[in-house]
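The lines below spell out each chain.
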Amino acid sequence: MTTMSYIDAPSSNFDARNGPPDMIVLHYTGMPTGEEALTRLRDPQAKVSSHYLVEEDGRVFRLVAEERRAWHAGLSFWKGERDVNGVSIGVEIVNPGHEFGYRAFPQAQIEAVIALLADIRTRWSVEDARIVGHSDVAPDRKEDPGELFPWKQLAQAGHGLWVEPPAAPGAPLGEGEESAGVFALQAGFTRLGYDCAPSGVYDAHTAAVVRAFQRHWRQERVDGIADGETRARLIALLRAAS
Ligand SMILES: [Zn+2]
């Protein structure tokens, strides 16, 4: 059992929650340096924040108390909840992101994230199926923490869901398609938590949901096309989550 040590860096960008948090949303900072991200998350003008920021060297900054509602997720949705900030704890993980030179997350940083999740989960009841990325809750707007984030390593450490079902052939579904198969795919995403009301039409939003799913659970292929492997992983995850 490791004892977490936090560096206090309070942000005033928060308001009140209506209940205890039961979800964790992981982000990357998406700015050139961690220092700039920390400054922005504490700037009253920016009106954004997170509960924690994890530096590449493993230092963990505490910005907002877990009991308060930090402003990290914006317009979001998971499992019917639109006030994701109201029910979640937000963790910003320093990485320049796709805009400024996306790169691998150092081991020291990931170990700190794992220790932080373990610590948070001693205080609040958070199911594995409710540990997600920003892109999962806002697939049309966000790409973080992205396809280089080691979700598998997190799950092996006991945090979040991960599945590796046997190879699954099958014709890929893609944008423009209209079928019962597309309806079933959308129903599956909805059951997992995504905002993806079944219509049977594979529209641009469905493709964005598929890309978000792939960034998290099928990282070798982020193309918005639901190939057999993507669909097999979705089905296996639904089993793992229930
Ligand atoms: Zn984010």
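Coordinates for the structure precede this section.
It should be emphasised that the depicted structure is a prediction, and the values quoted were computed from it without experimental measurement.

K.L.:
Report on the overall build of the chain, specifying residues and quantitative values.
P.N.:
Each helix and strand in the chain was counted, giving nine helices and eight strands. Radius of gyration (C-alpha) of the chain: 18 Å, near the 18 Å computed for a compact globule of 242 residues. Dimensions of the chain, computed from the C-alpha atoms along their principal axes, are close to 50 × 35 × 30 Å. Counting every position in the chain, which comprises 242 residues, the buried fraction comes to 52%. Across the chain, contacts joining residues at least 24 apart in sequence account for 68% of those joining residues at least 6 apart. The positive charge centre, built from 25 side chains, and the negative charge centre, built from 34, are 3 Å apart in the chain.

K.L.:
If you had to explain the nonpolar core to someone new, which residues and values would you point to?
P.N.:
By size, the foremost hydrophobic cluster in this structure holds 30 residues, and its most contacted members are Met23, Leu185, Phe189, Leu192, Tyr194, Tyr202 and Phe213. Looking at this core, the elements with two or more residues in it are β3 (23–28), α2 (84–87), α7 (180–192), α8 (204–217) and α9 (228–241). Looking at this core element by element, the count peaks at six residues for α8. Look past the residues within four positions of phenylalanine 213 in its chain and what remains in contact with it is Phe189, Leu192, Tyr194, Arg218, Thr230, Arg233, Leu234 and Leu237. In this structure, Tyr52, Ile89, Ile114 and Leu116 belong to the second largest nonpolar core, which totals 26 residues.

K.L.:
Could you give me a rundown of α8, with the residues and numbers involved?
P.N.:
Across its 14 residues, α8 extends 20 Å between first and last C-alpha, which sits within 8% of the 20 Å expected from 1.5 Å per residue. Taken across its 14 residues, α8 has eleven buried, putting it largely inside the fold. Residues of α8 that are buried include every one of Thr206, Ala207, Ala208, Val209, Val210, Ala212, Phe213, Gln214, Arg215, His216 and Trp217, and no others.

K.L.:
Can you tell me about the coordination of the zinc ion, naming the residues and giving the values?
P.N.:
Taken together, His27 (ND1), His134 (ND1) and Asp144 (OD) make up the full set of protein donors to the zinc ion, lying 2.1 Å away. Mapped onto the sequence, the donors of the zinc ion take the spacing H-x106-H-x9-D. Taken together, the positions of histidine 27 in strand β3 and aspartate 144 in the loop between α5 (134–137) and α6 (151–156) put the pair 117 residues apart, joining distant regions of the chain. Here histidine 27 falls in the buried class, since its relative accessible area comes to 1%. Classification of aspartate 144 by relative accessible area gives buried; the value is 5%.

K.L.:
Tell me what's going on with the pairing of strand β7 (residues 88–93), and back it up with residues and numbers.
P.N.:
Burial analysis of β7 places six of its six residues in the buried class, the great majority of the element. Side-chain alternation along β7 places Ser88, Gly90 and Glu92 on one buried face and Ile89, Val91 and Ile93 on a second face that is also buried. Pairing of strand β4 (residues 52–54) with β7, which is carried by three bridges, proceeds in the parallel orientation. Looking across to β7, one finds that valine 54 is bridged to isoleucine 93.

K.L.:
Describe the sheet that holds strand β1 (residues 7–8), listing the residues and the values that go with them.
P.N.:
Pairing in this open sheet of six strands is mixed, and the strands run β1-β5-β4-β7-β3-β8 from one edge to the other. Every interior strand has two partners, whereas the edge strands, β1 and β8 (131–133), have only one. Here helix α4 (residues 107–123) sits on the sheet and contacts β3, β4, β5 (60–62), β7 and β8; the angle it forms with β4, its principal contact strand, is near 155 degrees.

K.L.:
Explain the packing of α8 against α9 to me, and be specific about the residues and the numbers.
P.N.:
One can describe the packing of α8 onto α9 by two numbers: an axis separation of 11 Å at closest approach and a directional angle of 75 degrees. With respect to α9, the element α8 is oriented roughly perpendicular. When α8 is examined against α9, the residues Val210, Phe213, Gln214 and Trp217 are found in contact with a partner set consisting of Thr230, Arg233, Leu234 and Leu237. Considered class by class, the residues forming the contact of α8 with α9 number five nonpolar, two polar and one charged.

K.L.:
So what about the side chain of glutamine 109? Which residues, and what values?
P.N.:
Among the structural elements, glutamine 109 can be located in helix α4. On the basis of relative accessible area, glutamine 109 is assigned to the buried category, the value being 0%. From its side chain, glutamine 109 meets the backbone oxygen of valine 54 in a polar contact 3.1 Å long. Other than its neighbours up to four places away in sequence, glutamine 109 contacts Val54, Glu55, Glu56, Gly58, Ile93 and Val94.

What counts as what
Residues numbered from 1 in each chain as written. Predicted model: local features only at pLDDT ≥ 70, side-chain atom pairs only at ≥ 80, totals over all residues. Heavy atoms only, no water. Helix = DSSP H or I, 4+ residues; strand = E, 2+ residues; numbered from the N terminus. Rg over C-alpha atoms; globule rule 2.2 N^0.38 Å. Buried < 20%, exposed > 50% of the residue type's maximum accessible area, 1.4 Å probe, protein only. Contact = heavy atoms within 4.5 Å. Lys, Arg positive; Asp, Glu negative; His and termini not counted. Charge placed at Lys NZ, Arg CZ, Asp CG, Glu CD. Core = buried A, V, L, I, M, F, W, Y, C linked by side-chain atoms within 4.5 Å. Expected span 1.5 Å × (residues − 1). Donors = N, O, S within 2.8 Å, 3.2 Å for Na, K, Ca; no water. Pairing = 2+ DSSP bridges. Axes fitted to C-alpha atoms, helices over the stretch in contact; angles between N-to-C directions. Parallel < 35°, antiparallel > 145°, perpendicular 65-115°, else oblique. Nonpolar A, V, L, I, M, F, W, Y, C, P; charged D, E, K, R; others polar. Polar contact = N/O pair within 3.5 Å; in protein donor to acceptor, adjacent residues only side chain to side chain.

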